[in-house]
2 protein chains.
Amino acid sequence: MNFPSPQHDHHNCITQALGAAEEECRRRGARLTDIRRRVLELVWRSHAPIGAYALLQALGKAAPPTVYRALDFLLAHGLIHRIEKLNAYVGCAHPGHDQAGQFLLCRQCGSAAELNDAVIEAAVRDAARRHGFELATLTVEAEGLCPACRGESP
Amino acid sequence: MNFPSPQHDHHNCITQALGAAEEECRRRGARLTDIRRRVLELVWRSHAPIGAYALLQALGKAAPPTVYRALDFLLAHGLIHRIEKLNAYVGCAHPGHDQAGQFLLCRQCGSAAELNDAVIEAAVRDAARRHGFELATLTVEAEGLCPACRGESP
DNA sequence: GGGCTGAATGTTATATTATAACGTCCGGTT
DNA sequence: AACCGGACGTTATAATATAACATTCAGCCC
Ligand SMILES: [Zn+2]
Ligand SMILES: [Zn+2]
Ligand SMILES: [Zn+2]
Ligand SMILES: [Zn+2]
């Protein structure tokens, strides 16, 4: 939920995420198959959203539907999120606990931080209500510079 | 900025929008050429975002780069906005006065309402600041049901 | 275990969205 | 008239995503 620092223990992120995914799938009675797990692992290789065809290439011998089906599964169970601006996918750090999608996206290093800001959500919900609009899903994507990249070239 | 009612005088929307575009281009010293104006007019045929290839077809005899170039121009001068979730484009009702992109998108009829909500912007800006993130651009896309479509099927 | 069934995956083809590269035309300037 | 730069035309191709159908596999009943 915070911005990942460049020297954090990312191996730990991966372990945590895969563990949480196992748990969430068990809880839901969903099957985290080999391909699905491999795709999830690849998504978690970094905190930068990754495109479907990059995943495809990393998988090696697969065809597009394979990776899109895995992505659909992971999206459906809240294990990853799609970043619309980038046509790319990023791991969700707190599956289960979902209201989808508020992201800070770094222009420079590409990494993403997921927010879960009740104030933002409330502000949009309120604006929607004032317009007589029944809100179903909300996407917030902010682009800019992460703390690390800001430090580098000010 | 409000949701367009089904029986509003849309011809007026178009006239207003084209007038404002002329004005804005004059102010900026930009050339609103024939193709660019025609694309803008097509975008304004409804309040539902329209895709590039639908525009292309409506234009008749053009090739993709023609419409994408026109869209790039219109985006650059704030005369239209891109809806990331839909890969589609919608007219901007208040060019010049821009902070880009907060939209309510109706699932049913497809129409879009552009917000300009300072509270939403402030909430995101604040969250960004707390994360040490330097905000450059903000995209907010809310999906749901507009007032008219809500009335129809409850 | 042997077959049944539905979910998951493989495979091929194609749709949809977007851009690269290069040539031509046209309007304004000198 | 010659020049220049921006706008447009044209062709090809890149990048993202899905349709349609065949095959395989896991779990279940017997
Ligand atoms: Zn990490
Ligand atoms: Zn960064
Ligand atoms: Zn209108
Ligand atoms: Zn509607």
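What counts and how
- Residues numbered from 1 in each chain as written.
- Chains lettered and ligands numbered in written order.
- Predicted model: local features only at pLDDT ≥ 70, side-chain atom pairs only at ≥ 80, totals over all residues.
- Heavy atoms only, no water.
- Near = heavy atom within 4 Å.
- Polar contact = N/O pair within 3.5 Å; in protein donor to acceptor, adjacent residues only side chain to side chain.
- Least-squares fit on C-alpha atoms with pLDDT ≥ 70 in both.
- Contact = heavy atoms within 4.5 Å.
- Pairing = 2+ DSSP bridges.
- Helix = DSSP H or I, 4+ residues; strand = E, 2+ residues; numbered from the N terminus.
- Axes fitted to C-alpha atoms, helices over the stretch in contact; angles between N-to-C directions.

Peer 1: Describe the protein's contact with DNA strand D, naming the residues involved and giving the relevant values.
Peer 2: Near DNA strand D there are 16 residues, and of these Tyr53, Tyr68 and Arg82 of chain A together with Thr33 and Arg69 of chain B occur at the shortest range. Expressed as a percentage, the sugar and phosphate content of the atoms of DNA strand D within 4 Å of the protein is 51%. Arg82 of chain A has a polar side-chain atom sitting 2.6 Å from a phosphate oxygen of DNA strand D. Interatomic distance of 3.5 Å between a side-chain N/O atom of Tyr89 of chain A and a phosphate oxygen of DNA strand D.

Peer 1: Give me the lowdown on the relation of the copies chain A and chain B, citing residues and values where you can.
Peer 2: Superposition record for chain A on chain B: RMSD 0.0 Å, screw rotation 180°, translation along axis 0.0 Å. Look at the turn and shift together and you get a two-fold axis relating the two. Relative to the rotation axis, the C-alpha of Val140 of chain A is the closest in chain A, positioned 2.3 Å from it. A high fraction, 100%, of the interface residues of chain A reappear at the interface in chain B, so the copies pair face to face through one surface.

Peer 1: Any details on the sheet that holds strand E5 (residues 134-145) of chain B? Residues and values, ideally.
Peer 2: In any sheet, the strands associate via hydrogen bonds between backbone groups, in a parallel or an antiparallel arrangement. Pairing within the open sheet is mixed, and its 6 strands lie in the order E4(A)-E3(A)-E5(A)-E5(B)-E3(B)-E4(B). Either end of the sheet is taken by a strand with one partner, and the two such strands are strand E4 (112-115) of chain A together with strand E4 (112-115) of chain B. Neighbour to neighbour, the strand axes of the sheet diverge by 20° on average, direction disregarded. Examined bridge by bridge, strand E3 (residues 102-106) of chain B and E5 of chain B share 5 bridges and lie parallel to one another. Considered in E5 of chain B, the bridge of Leu104 of chain B is made with Ala142 of chain B. The sheet strands contacting helix H5 (residues 118-130) of chain A are strand E3 (102-106), E4 and strand E5 (134-145) of chain A together with E3, E4 and E5 of chain B, and the helix crosses E5 of chain A at an angle near 130°.

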